[in-house]
Amino acid sequence: MRIFFDVVKRTLEEIKECLGLAKDADTNRAKATYMSLVYMNILFLPVYLIPLLYTFFIVIGAVFYGPLLLAGLLFNIPFVLFVLWIKVKVYPVMKQNLY
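Residues numbered from 1 in each chain as written. Predicted model: local features only at pLDDT ≥ 70, side-chain atom pairs only at ≥ 80, totals over all residues. Heavy atoms only, no water.

Any chance you could explain the overall build of the protein chain here in plain terms?
Helices and strands together make up the secondary structure of the protein chain, namely three helices and zero strands. Ordered by position from the N terminus, the helices and strands of the protein chain form the series α-α-α. Here the C-alpha atoms of the protein chain give a radius of gyration of 17 Å, more than 25% beyond the 13 Å that 2.2 N^0.38 yields for 99 residues. In terms of overall dimensions, the protein chain has a C-alpha envelope of 60 × 20 × 20 Å along the principal axes. Classification of the 99 residues of the protein chain by burial places 32% in the buried group. Counted over contacts in the protein chain with a minimum sequence separation of 6, partners at least 24 positions apart contribute 68%. Of the charged side chains in the protein chain, 10 are positive and 6 negative; the average position of the first set lies 5 Å away from that of the second. (Helix = DSSP H or I, 4+ residues; strand = E, 2+ residues; numbered from the N terminus. Rg over C-alpha atoms; globule rule 2.2 N^0.38 Å. Buried < 20%, exposed > 50% of the residue type's maximum accessible area, 1.4 Å probe, protein only. Contact = heavy atoms within 4.5 Å. Lys, Arg positive; Asp, Glu negative; His and termini not counted. Charge placed at Lys NZ, Arg CZ, Asp CG, Glu CD.)

Structural data, given as structure tokens:
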């Protein structure tokens, strides 16, 4: 459970770090690179949090409304895991290639 919230915490730290690097950058290209990382992290939050919160809602709702709601998890859980994989595995490689 903690890994889901650590990703949000790490994303917020990345936003602050990239904003600081953008302010200290010498060239416009470097500023644009860091700001693109900031925008990517900002856009990552709703793409990650909305399905994650919806998954929790489905699991809790299934207790009250029955197992039919769990059918929604067939799409939602793989999507959340895919987005998590992108953030944990792909994003660091992309960030490293930009430097």
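The rest of the description comes next.
Would you take a moment to explain the nonpolar core for this structure?
Across soluble globular proteins, nonpolar side chains show a tendency to be buried alongside one another. Within the largest apolar cluster, 18 residues are counted, with the highest numbers of intra-cluster contacts made by Phe 4 and Tyr 48. Elements that contribute at least two residues to this core include exactly α1 (2-24), α2 (28-65) and α3 (73-98). When residues of this core are assigned to their parent elements, the largest contribution, seven residues, is made by α2. Leaving out residues up to four positions away in the same chain, Phe 4 has contacts with Tyr 48, Leu 52, Val 80 and Leu 84. (Core = buried A, V, L, I, M, F, W, Y, C linked by side-chain atoms within 4.5 Å.)

Hey, could you run me through the packing of aromatic side chains in this one?
The description of an aromatic ring pair rests on the distance of the ring centres and on the angle between the ring planes. Applying the stated criterion across every chain, the model contains three aromatic pairs. Residues Phe 44 and Tyr 48 carry aromatic rings whose centres are separated by 5.3 Å and whose planes lie at 15° to one another, so their mutual orientation is stacked. Here Tyr 48 and Phe 44 lie together in helix α2, a separation of four residues that amounts to about one turn. Summarising the aromatic geometry, the rings of Phe 75 and Phe 79 are spaced 6.0 Å apart at their centres and angled 20° between planes, so their arrangement reads as stacked. One end of the pair is Phe 75 and the other is Phe 79, both in helix α3 and four residues apart, which spans about a single turn. (Phe/Tyr/Trp six-rings, centres within 6.5 Å; stacked < 30°, edge-to-face > 60°.)

I keep staring at the pattern of salt bridges and nothing clicks. Help me out?
Pairing between side chains of opposite charge can happen when the charged atoms of each approach one another. Applying the stated criterion to the full structure yields one salt bridge. Across the pair Asp 6 and Arg 2 runs a salt bridge whose closest N-O atoms are separated by 3.5 Å. Within this pair, Asp 6 and its partner Arg 2 are both found in helix α1, separated by four residues, close to a single helical turn. Look at Asp 6 and you get partly exposed, because its relative accessible area is 29%. (Salt bridge = Lys/Arg side-chain N within 4 Å of Asp/Glu carboxyl O.)

What am I meant to see in α2 here?
An α-helix turns once every 3.6 residues. As a result, residues three or four positions apart point the same way. With 38 residues, α2 extends 54 Å from end C-alpha to end C-alpha; this agrees with the ideal 56 Å at 1.5 Å per step. At the C-terminal side of α2, Gly 66 shows a positive phi close to 105°. (Expected span 1.5 Å × (residues − 1).)

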